[in-house]
Amino acid sequence: GAGGERHFVNDILDPNSEWQQVSAGHKFTEGPAVDKQGNVFFSDIPNNRIHKISTDGKVTVFKEDTGGANGLMFGPDGRLYACQNTRKQIAAYSMDGREEVIARDVPSNDIAVTNHGEIYFTDPGNKSVWFIDAKRNKRVVHKGIEFPNGLRLSPDQAFLWVNDMNNRWVWSFQISPDGSLLNGEPIYRLETPDETSKSGADGMTVDTDAHLYVATGLGIQVCDQTGRVVAIISKPSARGISNVVFGGPDRDTLFVTATDKVFSRKLRRKGTVS
């Protein structure tokens, strides 16, 4: 679209706030997730490590030897759920570091956990979205998106949003009571660079107005409920960005994982508290 609608970015950005570097010296940062207090956890996939950024800005190692943990998400039980892709497992970490395997023999990338502790995760290699129910039965609930990558629940948890890294679409699915995905349609149309039809969409997060924030090659694209991109927040560095989450005690700080670093920036928006 033309630049005319982009003035909306000023409603989102705090004019007094720029990108701040929060952490550096990693190999590849991914999977930012926020706990109830607003602490942000992120994975460094090649280093097999999960870090914690506390609300005072201090960065520590939360866990070593994480099985190539990629996507992370907190569950209603206060545990941190992780896509351990090199171990082909979904695992959950208690805050004292204890680890429990939730599902085995599954490739995974990104993860979403419902208020009832049910789990959705993407499996790009098999073009699949999986579901794990409360009894820990696992099954594929959608197949066919070319490269399903980031996925998030809508604030009311009635819908699951799944993006396709290889084109410009984010799909929306209605969630049925048994966890099945119904009426899937490509609803959010992302902007792409002139030379390609691939958005490079990766991680996503949602604010309390049900706007969807998508990490892409062009920056963080913000979509409204009609599926339109209303703003693109510039990347914090020239390197690529992989994922985004709202953190901090007031959930009004956007954290972005960007290759070897993590950045943050205060916004005029707040993330949903799951």
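Presented here is an overview of the structure given in this document. Keep in mind it's a predicted model, so treat the numbers as computed, not measured.

Here we look at the pairing of strand β21 (residues 229-233)
Phase 1: Across the 5 residues of β21, 4 count as buried, placing the element largely inside the fold.
Phase 2: As paired elements, strand β20 (residues 219-223) and β21 share 4 bridges and run antiparallel to each other. Among the inter-strand pairings, I220 is bridged to a residue of β21, identified as I233.
Phase 3: Connecting β20 to the next strand, β21, in antiparallel fashion are 5 residues, including G227 with a positive phi near 100 degrees.

Overview of the nonpolar core
Phase 1: Counting 20 residues, the largest nonpolar core has I12, Y213, I220, I233, L254 and L267 as the members making the most contacts within it.
Phase 2: At the level of secondary structure, the elements contributing two or more residues to this core comprise α1 (9-12), β19 (212-216), β20, β21, β22 (243-247) and β23 (253-258).
Phase 3: When near neighbours in sequence (up to four residues on either side) are disregarded, I233 contacts V9, I12, L13, W19, Y213, G219, I220, V222, L254, R265 and L267.

Concerning the packing of aromatic side chains
Phase 1: Counted according to the given criterion, the structure contains 8 aromatic pairs.
Phase 2: Geometrically, the ring pair formed by F62 and Y93 is edge-to-face, given 6.1 Å between the ring centres and 85 degrees between the ring planes. Of the two residues, F62 is situated in strand β5 (residues 59-64) and Y93 in strand β8 (residues 89-93); the sequence distance between them amounts to 31 residues.
Phase 3: On the basis of relative accessible area, F62 is assigned to the buried category, the value being 16%.
Phase 4: The buried category is assigned to Y93, whose relative accessible area is 0%.
Phase 5: Note on W161 and Y188: the rings are 5.6 Å apart at their centroids and 85 degrees apart in plane angle, and the pair reads as edge-to-face. With a gap of 27 residues between them, W161 in strand β15 (residues 159-164) and Y188 in strand β17 (residues 181-189) connect regions that are remote in the sequence.
Phase 6: Residue classification places W161 among the buried residues on the basis of a relative accessible area of 6%.
Phase 7: A relative accessible area of 2% places Y188 in the buried class.
Phase 8: Taken together through their ring pairs, the aromatic side chains of F41, F62, F74 and Y93 make up a single cluster.

Some thoughts on the pattern of salt bridges
Phase 1: Throughout the structure, instances matching the rule amount to 15 salt bridges.
Phase 2: E64 serves as the salt-bridge partner of R49, at 2.9 Å between the closest nitrogen and oxygen. In this pair, R49 is assigned in strand β4 (residues 49-53) and E64 in strand β5, connecting sequence segments 15 residues apart.
Phase 3: Given the relative accessible area of 24%, R49 is considered partly exposed.
Phase 4: Note on E64: relative accessible area 44%, which makes it partly exposed.
Phase 5: Between R239 and D260 there is a salt bridge; the shortest N-O distance is 3.6 Å. One end of the pair, R239, is in the loop between β21 and β22; the other, D260, is in the loop between β23 and β24 (261-266), and 21 residues separate them in sequence.
Phase 6: Through salt bridges that share partners, D77, R79, E100 and R136 make up one connected network.

Side note on the sheet that holds strand β9 (residues 99-104)
Phase 1: Spatially, 4 strands are ordered β6-β7-β8-β9 in an open sheet, and the strand pairing comes out antiparallel. Edge positions in the sheet fall to β6 (69-74) and β9, since each has one partner strand and no second. Adjacent strand axes in the sheet meet at a mean angle of 25 degrees when their direction is disregarded.
Phase 2: Pairing geometry for strand β7 (residues 80-84) and β8, over 5 bridges, is antiparallel. Bridge assignment links Q84 to a residue of β8, and that residue is Q89.

Scoring rules and cut-offs
Residues numbered from 1 in each chain as written. Predicted model: local features only at pLDDT ≥ 70, side-chain atom pairs only at ≥ 80, totals over all residues. Heavy atoms only, no water. Buried < 20%, exposed > 50% of the residue type's maximum accessible area, 1.4 Å probe, protein only. Helix = DSSP H or I, 4+ residues; strand = E, 2+ residues; numbered from the N terminus. Pairing = 2+ DSSP bridges. Core = buried A, V, L, I, M, F, W, Y, C linked by side-chain atoms within 4.5 Å. Contact = heavy atoms within 4.5 Å. Phe/Tyr/Trp six-rings, centres within 6.5 Å; stacked < 30°, edge-to-face > 60°. Salt bridge = Lys/Arg side-chain N within 4 Å of Asp/Glu carboxyl O. Axes fitted to C-alpha atoms, helices over the stretch in contact; angles between N-to-C directions.

Coordinates in, geometry out; function isn't part of it.
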